[in-house]
Amino acid sequence: MDSLKEKFAEKAKLTAAEVKTIIKEKGDVKLGEYTVAQVYQGMKGMIGMVTETSKLDPEEGIRFRGYSIPELREKLPKAPKGTEPLPEGIFYLMLLGELPTEEDVHSLGNNWARRAIVPKHVFDVLDELPASTHPMTQFVVAILAMQTESVFAAAYKKGINKKNYWEYVYEDSMNLIARLPRIAAYIYRRKYKNGVHIEPDPKLDWAANLAHMLGYDTKDMKALMRLYMTIHVDHEGGNVSAHATHLVGSALSDPYLAFAAGMTGLAGPLHGLANQEVLSWIIELERELGGGKPSEQQIADYIKKTLEDGKVVPGYGHAVLRKTDPRFAAQQDFYLKYIKPKGEDDLCEIVQMIYKVAPPILEGTGKIKNPWPNVDAHSGVLLTHYGMVEHDFYTVLFGVSRALGVLSSLIWDRALGHPLERPGSITTEGIKKKIAASESKA
Ligand code: HAX
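Residues numbered from 1 in each chain as written. Predicted model: local features only at pLDDT ≥ 70, side-chain atom pairs only at ≥ 80, totals over all residues. Heavy atoms only, no water.

1. A short note on the environment of Leu 31
Here is step 1: Topologically, Leu 31 is positioned in the loop between α1 (3–26) and α2 (36–40).
Here is step 2: With 17 residues separating them in the primary sequence, Leu 31 and Gly 48 have C-alpha atoms 9.5 Å apart. (Helix = DSSP H or I, 4+ residues; strand = E, 2+ residues; numbered from the N terminus.)

Shown next, in the form of structure tokens:
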């Protein structure tokens, strides 16, 4: 057993015993009540599952095991001479609830490097897809093709004690995380770089190796990839990609199947695909104006037209957050630190202008609950700055990072013995009866 797995086994045993006692002794304690509006409107604000890895506060943003993004940018181990955290560190933190040492992160990176070999048939399957296939569809297909390697599925077929499920889910999750950068890079190079692939460099950390295999070897792009891979990992349990992974995993579908489900959700324009949409939306603005940097008034008019056309302004709004997303702020800080001192970038500047102009207009509609930018409002322009102009690919990068959060949660789900998820539903007729009954009591 590797040392991370041993530490997890100790921690999981203690937490599982604690959870069992909580359910037995305090299982009837009420956590709140929900309303008809919540039932119709996407269950927002209902607490309906336990996620150990992170917690989202509407005002403050995400905390991973209690640590905010600025705290993690300071405290997590960094690559030699690097300034951004290594994503290996945030995985360790989410899984164990403890900040890792440099040694822990180094050992986890080596562990992933040893597991990083992608079976040939996965590339063969990708090669059969038309090159026009959206990169997110290719990503999901590759993950499903790799399901042949699931040690959980193989062990389940032979018969395993449910107490040991987590061990196999751990192995599958670690293998998946180790292999995803290679798959992402293969999709990118096949679709956009004439199929000229770049071999991995096992000396590099996980995120830098991804940048390298994609074909971006500069120090700054590696720093961006480390930050990008750290901030997109997790956003508590209710977002579509995390919830879908958790839900499908609850049927004991193996991590490949469960993660693929999460990624089909991430591919939606109201979720992860928004990072691609933001770029397309800004480029359409520039095209409409005939090129050049727009004025604030022109941006305001464009936002109003988007709303009048019944479309969403991508990169703005959130189901839970009610302030500027700290993941947006971290990327803004990256722009100010790494890019602006060397010269203004037009697209990054437009993002700053939208940040100034959009919130009052969105607030003015009276219906948008959060007029502030989310993570997707900034990520694409940073990638574009370093030459990655293929917008359709951006959500795949989000997906590679999201694996760290949803798969560490999946390991916990099995370690704590969470059962099949199966919430109840109600018909509109049933709701009308409940409303009538509550009004007759009043
Ligand atoms: N532009 C236009 N209208 C918006 C809007 C936006 N950015 N954000 C919300 N609204 C609208 C909703 O469509 C809804 O309209 P209807 O009543 O006509 O249906 C109304 O405002 C109320 O919505 P809400 O309660 O404020 O927001 P929801 O919780 O329903 O939705 C979304 C949250 C993120 C889906 C929404 O804000 C949105 O569509 N944003 C644009 C797409 C986007 O950036 N998605 C990425 C979100 C972060 C993420 O998951 N990243 O991966």
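2. Considerations on the site of the ligand
Here is step 1: Near the ligand there are 21 residues, and of these Gly 315, Tyr 316, Lys 367, Lys 369 and Asp 376 occur at the shortest range.
Here is step 2: A distance of 2.8 Å separates a nitrogen atom of the ligand from a polar atom in the backbone of Val 313.
Here is step 3: Between the ligand and the protein, one listed contact pairs an oxygen atom with a side-chain N or O atom of Lys 369 at 2.7 Å.
Here is step 4: Burial of the ligand by the protein chains amounts to 75% of its free accessible area of 900 Å². (Near = heavy atom within 4 Å. Polar contact = N/O pair within 3.5 Å; in protein donor to acceptor, adjacent residues only side chain to side chain. Areas by Shrake-Rupley, 256 points an atom, 1.4 Å probe, with all protein chains shown as cover.)

3. A closer look at empty space enclosed by the protein
Empty space among the atoms becomes visible once a probe the size of a water molecule is rolled across them.
Here is step 1: For the coordinates displayed, the defined rule picks out four cavities of 30 Å³ or more.
Here is step 2: One number sums up the size of the largest cavity: a volume of about 120 Å³.
Here is step 3: Taken together, 16 residues make up the lining of the largest cavity; nearest its centre are Thr 51, His 246, Ser 409, Leu 410 and Asp 413.
Here is step 4: Every element with two or more residues in the lining of the largest cavity is listed here: α12 (240–250) and α19 (394–415).
Here is step 5: The element best represented in the lining of the largest cavity is α19, accounting for five residues.
Here is step 6: Of the residues contributing to the lining of the largest cavity, the split by class is six nonpolar, six polar and four charged. (1 Å grid on protein atoms, 1.4 Å probe; cavity = no way out; pocket = protein on both sides within 12 Å on 5 of 7 lines; lining within 4 Å. Points joined across faces, edges and corners; volume = space filled by probe spheres on them. Nonpolar A, V, L, I, M, F, W, Y, C, P; charged D, E, K, R; others polar.)

4. So, helix α18 (residues 376–385)
Spacing of three or four residues puts side chains on the same side of an α-helix, whose turn is 3.6 residues.
Here is step 1: Across the ten residues of α18, nine count as buried, placing the element largely inside the fold.
Here is step 2: Every buried residue of α18 is accounted for by Asp 376, Ala 377, His 378, Ser 379, Gly 380, Val 381, Leu 382, Leu 383 and Thr 384.
Here is step 3: As for α18, its buried residues are in contact with α11 (219–231), α14 (274–288), α16 (326–339), α17 (346–364) and α19.
Here is step 4: In the stretch just after α18, Gly 387 is the one whose phi turns positive, near 105 degrees. (Buried < 20%, exposed > 50% of the residue type's maximum accessible area, 1.4 Å probe, protein only. Contact = heavy atoms within 4.5 Å.)

5. Quick word on the pattern of salt bridges
Between side chains of opposite charge, pairing is possible as soon as their charged atoms come close.
Here is step 1: Counted by the stated rule, this structure contains 29 salt bridges.
Here is step 2: One salt bridge in this structure joins Asp 2 and Arg 115, with 3.3 Å as the shortest N-O distance. Linking Asp 2 in the segment before α1 with Arg 115 in the loop between α5 (102–114) and α6 (120–128), this pair joins segments that are 113 residues apart in sequence. For the pair formed by Asp 2 and Arg 115, the shared burial category is buried. (Salt bridge = Lys/Arg side-chain N within 4 Å of Asp/Glu carboxyl O.)

6. A closer look at the nonpolar core
Burial of nonpolar side chains together is a common tendency in soluble globular proteins.
Here is step 1: In this structure, Phe 139, Leu 214, Met 225, Phe 259, Met 388 and Leu 397 are the most contacted members of the largest nonpolar core, which totals 119 residues.
Here is step 2: The greatest single-element share of this core, amounting to 15 residues, is contributed by helix α9 (residues 165–192).
Here is step 3: Those residues in contact with Phe 139 that lie beyond four places of it in its chain are Leu 180, Ile 183, Ile 187, Phe 259, Met 263, Val 396, Gly 399 and Val 400. (Core = buried A, V, L, I, M, F, W, Y, C linked by side-chain atoms within 4.5 Å.)

7. Comments concerning a nonpolar patch on the surface
Here is step 1: A cluster of nonpolar side chains, namely Tyr 34, Val 39 and Ile 426, defines an oily patch on the protein surface of about 280 Å² accessible area.
Here is step 2: By the secondary structure assignment, Ile 426 is in the loop between α19 and α20 (428–441). (Patch = residues over 30% accessible without salt bridge, like charges linked within 9 Å, V, L, I, M, F, W, Y side chains within 5 Å.)

8. Description of the side chain of Glu 286
Here is step 1: Residue placement: Glu 286 occurs in helix α14.
Here is step 2: Despite its burial, Glu 286 pairs with no opposite charge; the closest candidate is Lys 293, at 9.5 Å N-O. (Lys, Arg positive; Asp, Glu negative; His and termini not counted.)

Worth remembering: the numbers are spatial, not functional.
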